[in-house]
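# Per-entry structural report
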Amino acid sequence: MPTFIRMTSPEPSVYPGPTHSLADIAKASWQQLASVLDERTDASPAPGFKTMIVASRTETSADARTVVLRKVDTDRKYIWFHTDVRAAKVMQFEAFPAATLLFWDETLRTQLRFTVETHLHSDDYIADEHWKEVGVGSRKNYLSEQEPGSEQPAPYPGFPPALGANLPTPEASEAGRPNFAVIECRVLAMDYLRLSREGQVRAKFQYEPESKMTWLAP
Ligand SMILES: Cc1cc2nc3c(=O)[nH]c(=O)nc-3n(C[C@H](O)[C@H](O)[C@H](O)COP(=O)(O)O)c2cc1C
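Since the structure is predicted, the reported quantities are computational estimates derived from the model, not experimental observations.

Turning next to the nonpolar core. Ranked by size, the top nonpolar core spans 31 residues in total, and within it L33, I79, F103 and F114 carry the most contacts. Residues within four places of F103 in sequence aside, it is in contact with L33, F49, T51, M52, L69, I79, T110, Q111, L112 and F114. Counting 8 residues, the second largest nonpolar core, distinct from the first, contains W131, V134, Y142 and F180.

With that settled, the discussion passes to the side chain of T83. Note that T83 resides in strand 4 (residues 78-84). T83 sits in the buried class, given a relative accessible area of 5%. Polar side-chain contacts of T83 include one of 2.9 Å to the side chain of K89. Discounting residues that sit within four places of it in the chain, T83 has contacts with K89, V90, Y142, N179, F180, A181 and I183.

Moving on, we come to the layout of surface pockets. One number sums up the size of the largest pocket: a volume of about 630 Å³. Around the largest pocket, the lining comprises 26 residues; the ones closest to its centre are L69, R70, H82, E133 and V134. Elements with a minimum of two residues in the lining of the largest pocket: strand 4, helix 3 (125-133) and helix 4 (136-139). Looking at which element gives the most residues to the lining of the largest pocket, the answer is helix 3, with 5 residues. Computed from the structure, the second largest pocket encloses a volume of approximately 420 Å³. Lining the second largest pocket are 17 residues, with T83, D84, N141, Y142 and P148 positioned closest to its centre. Looking at the lining of the second largest pocket, the elements with two or more residues in it are strand 2 (62-68) and strand 4. Partitioned by chemical class, the residues of the lining of the second largest pocket number 5 nonpolar, 9 polar and 3 charged.

What follows is about the site of the ligand. Taken together, R65, T66, V67, V68, H82, T83, A87, A88 and K89 make up the full set of residues near the ligand. Separating an oxygen atom of the ligand from a side-chain N or O atom of R65 is a distance of 2.7 Å. The separation between an oxygen atom of the ligand and a polar main-chain atom of T66 is 2.7 Å. For the ligand, whose accessible area on its own is 620 Å², the fraction buried by protein is 57%. Contributions of two or more residues to the shell around the ligand are made by strand 2, strand 4 and helix 2 (88-95). When residues in the shell around the ligand are grouped by element, the largest group, 4 residues, is from strand 2.

Cut-off values and rules
- Residues numbered from 1 in each chain as written.
- Predicted model: local features only at pLDDT ≥ 70, side-chain atom pairs only at ≥ 80, totals over all residues.
- Heavy atoms only, no water.
- Core = buried A, V, L, I, M, F, W, Y, C linked by side-chain atoms within 4.5 Å.
- Buried < 20%, exposed > 50% of the residue type's maximum accessible area, 1.4 Å probe, protein only.
- Contact = heavy atoms within 4.5 Å.
- Helix = DSSP H or I, 4+ residues; strand = E, 2+ residues; numbered from the N terminus.
- Polar contact = N/O pair within 3.5 Å; in protein donor to acceptor, adjacent residues only side chain to side chain.
- 1 Å grid on protein atoms, 1.4 Å probe; cavity = no way out; pocket = protein on both sides within 12 Å on 5 of 7 lines; lining within 4 Å.
- Points joined across faces, edges and corners; volume = space filled by probe spheres on them.
- Nonpolar A, V, L, I, M, F, W, Y, C, P; charged D, E, K, R; others polar.
- Near = heavy atom within 4 Å.
- Areas by Shrake-Rupley, 256 points an atom, 1.4 Å probe, with all protein chains shown as cover.

Pasting the structure below:
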């Protein structure tokens, strides 16, 4: 592992700078993503790379929303997140299986921008494998009787209102499985940007259709 990577230290100035190689920067970035997976989503402050903005295409424009990073394959260059199969983004990915994943870590002063191809898993073993790892707190959201984004006569909490602040039992949470989906993102390229007073660092890492890495003007 390159020695400059900040995994736990809050000192951002030791993160990759212009003197580090492109290969080191790519490796550090992927490892940094993978390192947040065990962090709690509700940690305060949450690590920057714990959530990302997912931008998608629609028939007429673009759309974007925040989601939680769920899994990373640093070797094969894949990223996964979870969603409700009835959500608008799922329809968008079915029509246009492409997205941009945008991460920003304030401490590292680093933005990662991934160009990806999306693949929906809802009724297969991949979704089953992910579902096994989803705790009842998150499963509660998949118990919603109302479609995400549907109009409601009054505020709707996103789960059966009778549950209130309670968690479902593991058995009851299984009713959410049909609503659960995994979006698998095959990374085609990564754009790296680190802000620094000594000079910004920007680089592009192309993975598909062929590998290429290069510095970019910020
Ligand atoms: C911090 C945060 C984390 C979120 N995580 C997820 C998530 O992991 N999956 C998800 O589908 N929506 C998540 N949401 C809600 C989405 O941002 C969005 O409102 C919802 O998925 C509906 O999006 P859509 O209509 O584009 O499908 C999160 C929102 C916030 C603010």
